[in-house]
Amino acid sequence: MEGTKMINAETIRKLRQLDLDGFVDALEMQEMNISALQLTFDERIQLATDSLYQEKYNHRVQGLINRAKLRFSDADLATIYYEKRDINREILQELGRCNFIHQQLDVIMQGFTGSGKTFLGCALGKEACKKEIRTRYIRLPDLLIERDEATLKDKGITNLLRKYSNYGLLILDEWLLDDLVEDDLKFIFELVERRHDTHSTIYCTQFRRGDWHQRLGGSVHANAIMDRIVHRAIWFETGTMNMREKLGQNKEVEK
């Protein structure tokens, strides 16, 4: 009956006007649950508040994931394949806690083509989003294209550097894959310098540390860029198994 309702129609109207639809929905769901009706007023308010908080949290996280533009939107630490892959589960799970971001450390995902660097980086990116950390994934070649386009705009480079400097976590894929010219190195140095000791970056690369200096041109910019990355980075080997081949075989078996 109307008289047994926890809140009346006018209060419901006001709550909805305050954009608290989720709170109202939770209370109305309680009205249809006999066991919930046995709870005290405080308990019902707490349950409704928890429900609204979870709804708002899920919405915020999904927005962060969407804006992160992850290469693999389905990447998740819970689905990582470990068998015979020779990757360190303990270290990866620790990275998933995102303490490295709070410590402004970088992570370097290094391994052969197809070893799952990008998927692992995106999985960590999703964990960062769950902790409400602004995250962005981009391939280095695409970032340099954005740089080229920014040169045509007033303060374009400044605005681009500001944009990518402010992400709590930046995932740079295909790091050092292509040859870099002097203008590329200057831009990369400026970005790395601005993020150094303030935010975290995940670098996904095929190249071991010993190859970096040459891939960066072997110049003073190479020294400066490496100096700001390698000393405060967690190196994670992604193994030798070709995950593209492995997943392709699984699909063939399923057929």
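Please read all numbers here as calculations on a predicted model, not as lab measurements. (Residues numbered from 1 in each chain as written. Predicted model: local features only at pLDDT ≥ 70, side-chain atom pairs only at ≥ 80, totals over all residues. Heavy atoms only, no water.)

This part takes up the layout of surface pockets. Its boundaries defined by the atoms lining it, the largest pocket holds a volume of some 620 Å³. Residue lining of the largest pocket: 27 residues in total, with Phe-72, Gly-116, Thr-118, Phe-119 and Arg-244 positioned closest to the centre. Breaking the lining of the largest pocket down by element, the ones donating at least two residues are α7 (117-130), β2 (135-139), β4 (200-205) and α13 (243-254). Classifying every residue of the lining of the largest pocket gives 11 nonpolar, 8 polar and 8 charged. (1 Å grid on protein atoms, 1.4 Å probe; cavity = no way out; pocket = protein on both sides within 12 Å on 5 of 7 lines; lining within 4 Å. Points joined across faces, edges and corners; volume = space filled by probe spheres on them. Helix = DSSP H or I, 4+ residues; strand = E, 2+ residues; numbered from the N terminus. Nonpolar A, V, L, I, M, F, W, Y, C, P; charged D, E, K, R; others polar.)

Interhelical geometry of helix α8 (residues 140-150) versus helix α10 (residues 182-195) gives an angle of 100° and a closest axis separation of 11 Å. The angle between α8 and α10 falls in the class roughly perpendicular. Two secondary-structure elements touch here, α8 through Leu-140, Leu-143, Leu-144 and Arg-147 and α10 through Asp-183, Asp-184, Phe-187, Ile-188 and Leu-191. (Axes fitted to C-alpha atoms, helices over the stretch in contact; angles between N-to-C directions. Parallel < 35°, antiparallel > 145°, perpendicular 65-115°, else oblique. Contact = heavy atoms within 4.5 Å.)

Here the focus is the sheet that holds strand β5 (residues 233-237). Read across the sheet, 5 strands follow the order β2-β3-β4-β1-β5 without closing on themselves; strand pairing throughout is parallel. With partners counted over all chains shown, the strands left at the sheet margins are β2 and β5, one partner each. Averaged over neighbouring strand pairs, the angle between their axes works out to 15° when direction is ignored. Of the strands in this sheet, β2 and β3 (169-173) are in contact with α8, which crosses β2 at around 90°. (Pairing = 2+ DSSP bridges.)

Non-glycine residue Leu-176 carries a positive phi angle of around 70°. One can find Leu-176 in the loop between β3 and α10. Not every positive phi belongs to a glycine, and Asp-197 is a case in point at roughly 65°. Among the secondary structure elements, Asp-197 is positioned in the loop between α10 and β4.

This part covers helix α9 (residues 156-165). Within α9, the full set of buried residues consists of Gly-156, Leu-160, Leu-161, Tyr-164 and Ser-165. Across the axial projection of α9, the buried residues extend over an arc of 155°, all falling on one side. Elements that come into contact with the buried residues of α9 comprise β2, α8, β3 and α10. (Buried < 20%, exposed > 50% of the residue type's maximum accessible area, 1.4 Å probe, protein only. Arc of directions from axis to C-beta.)

For any two helices packed against each other, one specifies the inter-axial angle together with the distance between the axes. Put simply, α9 and α10 touch, their axes get as near as 9 Å, and they point 40° apart. The angle between α9 and α10 falls in the class oblique. The hand of the α9/α10 crossing is right-handed. Every residue of α10 that contacts α9 at Ile-157, Thr-158, Leu-160, Leu-161, Arg-162, Tyr-164 and Ser-165 is listed here: Phe-187, Glu-190, Leu-191, Arg-194 and Arg-195. Broken down by class, the residue content of the contact of α9 with α10 amounts to 6 nonpolar, 2 polar and 4 charged. (Left-handed = near helix turned anticlockwise from the far one by under 90°.)

One recurring pattern in soluble globular proteins: nonpolar side chains tend to sit buried together. With 32 residues, the main nonpolar core has Leu-143, Tyr-164, Trp-175, Trp-212, Leu-216, Ile-225 and Ile-229 as its most contacted residues. Of all elements in the fold, only α8, α9, β3, α10 and α12 (220-227) reach the threshold of two or more residues within this core. With 6 residues, the top contributor of residues to this core is α10. When neighbours within four sequence positions are excluded, Ile-225 is seen to be in contact with Trp-175, Leu-185, Ile-188, Phe-189, Val-192 and Leu-216. Listed in part, the 31 residues of the second largest apolar core include Leu-64, Ala-75, Leu-120 and Cys-204. (Core = buried A, V, L, I, M, F, W, Y, C linked by side-chain atoms within 4.5 Å.)

Under the definition given, this model contains 6 aromatic pairs. An aromatic cluster is present here, built from Trp-175, Tyr-203, Trp-212 and Trp-235 joined pairwise through their rings. The aromatic ring of Tyr-53 is capped on one face by Arg-60, whose charged end is 5.9 Å from the ring centroid. Directly above the aromatic system of Tyr-82 lies the positively charged group of Arg-89, at a separation of 3.9 Å from the ring centroid. (Phe/Tyr/Trp six-rings, centres within 6.5 Å; stacked < 30°, edge-to-face > 60°. Lys NZ or Arg CZ within 6 Å of the ring centre and 35° of its normal.)

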